[in-house]
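A structural walkthrough
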Amino acid sequence: MIRPIYLFGSGVLREVAAPADLKNKDEIKSLVGDLWDTLAASDGCGLAAPQIGVSERVVVVDGDVMVDVYPYLKGFKRAFVNPKVIEESNEKITYNEGCLSVPGIYCDVVRPKKIKVEYYDEDLNPKVEEFDNFAARMVQHEFSHLDGVLFTDLVAPVRRKLISGKLQKIAGGKTGTRYKSIIKK
């Protein structure tokens, strides 16, 4: 089911998400399905459960939409349930990020180049995987949502000041999206 994407200014985006209850496999599968449907309808490359109003530690990423820029992402599609970053590289890399919850704003963000993640897939199989370059970026961006952190929180202070007016417009409902969206305080 396609759900509305919660925009900047919505309270759920600032919450630390609760772990998904692994005993509720059907609910998790339904949530993951809704995340995939909503992501496909919005043309994004990743989506976290808080972005559809569910404060649980569940994320999906789809690298296929980025294959024109990053060919190595072909076939990179994952659902993460209760993910934990267990290692990250000292080497950092800067990428320009955007977000479906913060429409029309793009900023350079510095994050680790490589990470190792422990998680459950959508069938609740335990996994441990390493990701690097833009795959790591996609995963880290979505995981930040699970801790109530938006990419705009991670930009240089001068840049944050420059985008503050745009952020306030989004929070005030003065922005449009081409996908179903909502602001709930």
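As the structure is a computational prediction, the values presented were derived from the model and not from experiment.

Re the pairing of strand β4 (residues 77-88)
Sheet analysis places strand β3 (residues 58-62) next to β4, joined by 5 bridges and oriented antiparallel. Note that in β4 the partner of V59 across the bridge is F80.

Things to note about the nonpolar core
Counting residues in hydrophobic clusters, the biggest one holds 20 residues, and the most contacted among them are F76, F80, V117, F131 and V139. Elements supplying a minimum of two residues to this core: β3, β7 (114-120) and α2 (133-146). In terms of residue count, α2 provides more of this core than any other element does, 7 residues in total. Those residues in contact with V117 that lie beyond four places of it in its chain are F80, P83, K84, V85, I86, K127, V128, E129, F131, V139 and F143. Core analysis: the next-biggest nonpolar cluster, separate from the first, contains 19 residues, I5, I28, W36 and A79 among them.

Quick look at the environment of C107
Relative to the elements of secondary structure, C107 occurs in strand β6 (residues 102-112). Judged by its relative accessible area of 1%, C107 is buried. Taking C-alpha positions, C107 is 5.4 Å from E97, a pair spaced 10 residues apart along the chain. Other than its neighbours up to four places away in sequence, C107 contacts Y95, N96, E97, F151, V155, R159 and I163.

Details of the environment of V117
With respect to the helices and strands, the residue V117 is situated in strand β7. Given the relative accessible area of 0%, V117 is considered buried. Between the C-alpha atom of V117 and that of I183, which follows or precedes it by 66 residues, the distance is 31 Å.

Things to note about the sheet that holds strand β2 (residues 46-48)
Across the sheet, 5 strands lie side by side as β2-β3-β4-β7-β8; this open sheet has antiparallel pairing. In this open sheet, the two strands that pair with only one neighbour each are β2 and β8 (126-132). Across this sheet, the average inter-strand angle for adjacent strands is 40°, counted without regard to direction. The strands that helix α1 (residues 25-42) touches are β2, β3 and β4; relative to β3, the one it contacts most, it runs at about 40°. α2 contacts β2, β3, β4, β7 and β8 of the sheet and is inclined by roughly 155° relative to β3.

Remarks on unusual backbone geometry
Trans is the common state for peptide bonds, and a negative phi is the common state for residues other than glycine. Phi is positive for L124, which is not a glycine, with a value near 65°. Note that L124 resides in the loop between β7 and β8. Of the residues examined, L124 reaches a relative accessible area of 16% and is grouped as buried. For N133, which is not a glycine, the phi torsion comes out positive at approximately 55°. The topology assignment puts N133 in helix α2. Judged by its relative accessible area of 22%, N133 is partly exposed.

Calculation criteria
Residues numbered from 1 in each chain as written. Predicted model: local features only at pLDDT ≥ 70, side-chain atom pairs only at ≥ 80, totals over all residues. Heavy atoms only, no water. Pairing = 2+ DSSP bridges. Helix = DSSP H or I, 4+ residues; strand = E, 2+ residues; numbered from the N terminus. Core = buried A, V, L, I, M, F, W, Y, C linked by side-chain atoms within 4.5 Å. Buried < 20%, exposed > 50% of the residue type's maximum accessible area, 1.4 Å probe, protein only. Contact = heavy atoms within 4.5 Å. Axes fitted to C-alpha atoms, helices over the stretch in contact; angles between N-to-C directions.

Read these as geometric descriptors, not functional statements.
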